[in-house]
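Residues per chain, in single letters:
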Amino acid sequence: MIRSYKIFGTGNPSRGRFGEVKPGKLLKLIVLIALLSFAQLSIAGERELKDLRIKPKVDQAVLRLIAGTMPQNRYAVIIGISDYQDPNIPDLRFARKDAEAVYEVLTDPAIGGFKKENVLLLVDEDATFMNIRSALRDWLVEKVSGEDDLVFIFFSGHGAPEPKLKGEEFDAYLVAYDTKIDRIRSTGFPMSELKEVFNLPSRKIVVMLDCCYSGAGGRSIIREGLRPGLVAGIDEEIMRLGGEGRIIITSSTEKQVSLELEEVGHGVFTYCLLEALKGKADTKSDGLLGYVTLDEVWDYLKRKVPELARKKGIKQTPIRSGIETGDVILAVNIPKLFQGRLMRAYTSGQITGREYELGKKLLANEGKLSEGERRMLKALKDFLLGEISVETMREIW
């Protein structure tokens with residue numbers, strides 16, 4: 001009968017690193033090791049679950065509808081910088097998360113519907129001055145070819161003011177990962193370079209900036225020797241950049257601070273933008289019900305951003321420049337997409353007023369339906385998606 005075991009061998013057949021181990025003690029040791037390993041796996045699993053985003057299953061027919069009705073040629077450059085190379089530039093908590101969240105929403109086939117190959121994401125060390133310039137001057141130029149192509153540019157990070165060489169006004173800069181605080185003019189990305197983007201053939205260019213230029217903290221920096229709060233001329237510069245088919249929306253005015261909020265894990269502006277794109281902005285009962293348009297997003301931002309900032313005792317007012325040329329669709333809102341199609345089926349005479357009212361009730365009470373009502377709802381959705389005829393729907397009803 002074996003009386004002892006060699007573990008973690010040292011060359012002695014009866015003793016290991018822990019000395020001689022009897023069979024009973026070995027069993028206890030194995031159980032202890034297993035319990036410790038299980039505990040470590042459980043902790044790791046909990047961490048992973050916190051980051052796991054469980055998305056509701058979306059019917060393939062709905063995805064086909066979205067893909068078929070959304071504009072196909074849509075391109076986006078998404079930039080977020082939390083970690084800066086220059087130790088004199090304070091890092092931000094949520095700018096990278098802002099960019100990653102906007103990327104996730106835009107490329108979600110059930111929300112933004114952008115093709116992933118048409119969205120360029122630059123975060124932290126990848127968001128250098130040259131990479132940002134190349135994304136806007138090279139990558140977009142290679143992609144965008146038509147007037148109806150949609151271009152969406154998003155930046156989350158620090159902004160910086162720098163006095164013009166003449167006069168008392170300031171130029172606005174976006175602070176890249178490798179920008180030097182004492183050489184903003186040569187290493188920061190000038191807002192004026194957006195003019196190059198606006199030379200693209202597209203008539204639907206949207207730029208959204210979650211940064212500020214006051215130099216008074218938040219998402220702005222200012223080099224030594226300049227006084228925060230004396231910045232002037234930046235709002236006017238932004239207004240001049242916008243134009244027909246060229247929309248710029250910034251998270252605050254030149255003398256305000258753009259907030260980051262711990263409780264939402266984002267900048268105030270970005271958080272409201274994400275909520276808008278996910279459907280909260282889709283409030284207009286028009287022919288585009290179910291589609292989140294730029295106008296609806298702007299209406300939501302100009303109302304919700306000041307409201308949320310005010311709760312923290314801060315004044316933050318987004319500003320917008322430019323005029324749309326036609327409706328600019330940024331995302332879809334699936335629940336209202338069905339409502340909109342139901343309304344159009346009624347106004348076009350495909351269904352009766354009684355069927356319209358019944359359809360509204362089925363859609364409004366989706367989670368509270370009986371088995372028979374769920375079959376009716378499925379038939380309604382299949383009809384609205386073009387999968388079955390109105391006659392087939394009526395037979396099921």
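Residues numbered from 1 in each chain as written. Predicted model: local features only at pLDDT ≥ 70, side-chain atom pairs only at ≥ 80, totals over all residues. Heavy atoms only, no water.

### Describing the overall build of the protein
- Along its length, the protein carries 13 helices and 13 strands.
- By the burial criterion, 50% of the 397 residues in the protein qualify as buried.
- Across the protein, the fraction of contacts at a sequence separation of at least 24, relative to all contacts at a separation of at least 6, is 68%.
- Summed over its atoms, the accessible surface of the protein is roughly 20400 Å², and 52% of this surface lies on carbon and sulfur atoms. (Helix = DSSP H or I, 4+ residues; strand = E, 2+ residues; numbered from the N terminus. Buried < 20%, exposed > 50% of the residue type's maximum accessible area, 1.4 Å probe, protein only. Contact = heavy atoms within 4.5 Å. Areas by Shrake-Rupley, 256 points an atom, 1.4 Å probe, with all protein chains shown as cover.)

### Considering the pattern of salt bridges
- The full count for this structure, using the stated rule, is 17 salt bridges.
- Glutamate 262 is paired through a salt bridge with arginine 93; the nearest N and O atoms lie 2.7 Å apart. Of the two residues, glutamate 262 sits in the loop between strand S9 (260-261) and strand S10 (266-267) while arginine 93 sits in the loop between strand S1 (74-80) and helix H3 (95-107), which places them 169 residues apart along the sequence.
- A residue is classified by how much of its surface remains accessible, and glutamate 262, at 53% relative accessible area, is exposed.
- A residue is classified by how much of its surface remains accessible, and arginine 93, at 45% relative accessible area, is partly exposed. (Salt bridge = Lys/Arg side-chain N within 4 Å of Asp/Glu carboxyl O.)

### Some points on helix H9 (residues 294-310)
- Its 17 residues give H9 an end-to-end C-alpha distance of 24 Å, which sits within 8% of 24 Å, the value for a rise of 1.5 Å per residue.
- Of all the positions in H9, only Leu294, Glu296, Val297, Trp298, Tyr300, Leu301, Val305, Pro306, Leu308 and Ala309 are classed as buried. (Expected span 1.5 Å × (residues − 1).)

### Regarding unusual backbone geometry
- One non-glycine residue, aspartate 124, lies in the positive phi region at around 45°.
- Here aspartate 124 is to be found in the loop between strand S2 (119-123) and helix H4 (129-143).

### Describing the environment of glycine 340
- One can find glycine 340 in helix H10 (residues 334-347).
- Glycine 340 gets classed as buried once you look at its relative accessible area, which sits at 1%.
- Put simply, glycine 340 and leucine 289 are 51 residues apart on the chain and 4.8 Å apart in space, counted from C-alpha to C-alpha.

### Here we look at the packing of H10 against helix H11 (residues 353-364)
- Close contact between H10 and H11 brings their axes to 10 Å; oriented N to C, the two are set at 175°. Considered as vectors, H10 and H11 are oriented roughly antiparallel to each other. Within the contact between the two elements, H10 uses Phe338, Gln339, Leu342, Met343 and Tyr346 and H11 uses Gly353, Tyr356, Gly359, Lys360 and Leu363.
- For the contact of H10 with H11, a count of residues per class yields six nonpolar, three polar and one charged. (Axes fitted to C-alpha atoms, helices over the stretch in contact; angles between N-to-C directions. Parallel < 35°, antiparallel > 145°, perpendicular 65-115°, else oblique. Nonpolar A, V, L, I, M, F, W, Y, C, P; charged D, E, K, R; others polar.)

### Notes on the side chain of lysine 381
- Inspection of the secondary structure puts lysine 381 in helix H12 (residues 371-384).
- Setting aside residues no more than four positions away along its own chain, lysine 381 makes contact with Phe338, Leu363 and Glu366.

### Digging into the environment of valine 297
- Looking at the secondary structure, you find valine 297 in helix H9.
- For valine 297, a relative accessible area of 0% corresponds to the buried category.
- Spatially, the C-alpha atom of valine 297 lies 9.3 Å from that of glutamate 275, the residues being 22 residues apart in sequence.
- Discounting residues that sit within four places of it in the chain, valine 297 has contacts with Met208, Leu273, Ala276, Leu277, Ala281, Val292 and Leu330.

### Points about the pairing of strand S3 (residues 150-156)
- For S3, a buried count of seven out of seven residues is recorded, marking the element as mostly surrounded by other parts of the structure.
- Of the two faces of S3, the one carrying Leu150, Phe152, Phe154 and Ser156 and the one carrying Val151, Ile153 and Phe155 are both buried.
- As paired elements, S1 and S3 share seven bridges and run parallel to each other. When the sheet's bridge partners are listed, arginine 74 is paired in S3 with leucine 150.
- With seven bridges joining them, S3 and strand S7 (residues 204-210) adopt parallel strand pairing. (Pairing = 2+ DSSP bridges.)

### Structural notes on the side chain of arginine 74
- Relative to the helices and strands, arginine 74 is located in strand S1.
- Buried charge without a partner: arginine 74 forms no salt bridge, and the closest opposite charge is aspartate 149, 9.7 Å away.
- A polar contact is formed between the side chain of arginine 74 and the backbone oxygen of glycine 112, at a distance of 2.5 Å.
- Within the structure, the side chain of arginine 74 is placed 3.2 Å from the backbone oxygen of glycine 113, a separation counted as a polar contact.
- With near-sequence residues (within four places) excluded, arginine 74 lies in contact with Gly112, Gly113, Phe114, Asn118, Leu150, Ile329 and Leu330. (Lys, Arg positive; Asp, Glu negative; His and termini not counted. Polar contact = N/O pair within 3.5 Å; in protein donor to acceptor, adjacent residues only side chain to side chain.)

### Comments concerning the environment of serine 389
- Among the structural elements, serine 389 can be located in the loop between H12 and helix H13 (390-396).
- On a C-alpha basis, the gap between serine 389 and alanine 379 in space is 9.5 Å, while along the polypeptide they are ten residues apart.
- Of note is the side chain of serine 389, whose polar atom sits 3.0 Å from the side chain of threonine 392.

### Some words on the confidence of the model for the protein
- Averaged over all residues, the pLDDT of the protein is 80; the fraction at 70 or higher stands at 75%.
- Of all helices and strands in the protein, the one with the weakest mean pLDDT is helix H1 (residues 23-51) (48), whereas S2 scores best (98).
- Across residues 1-21, where pLDDT falls below 50, the model places 31 contacts with residues more than four positions away in sequence or in other chains. (pLDDT = per-residue confidence, 0-100.)

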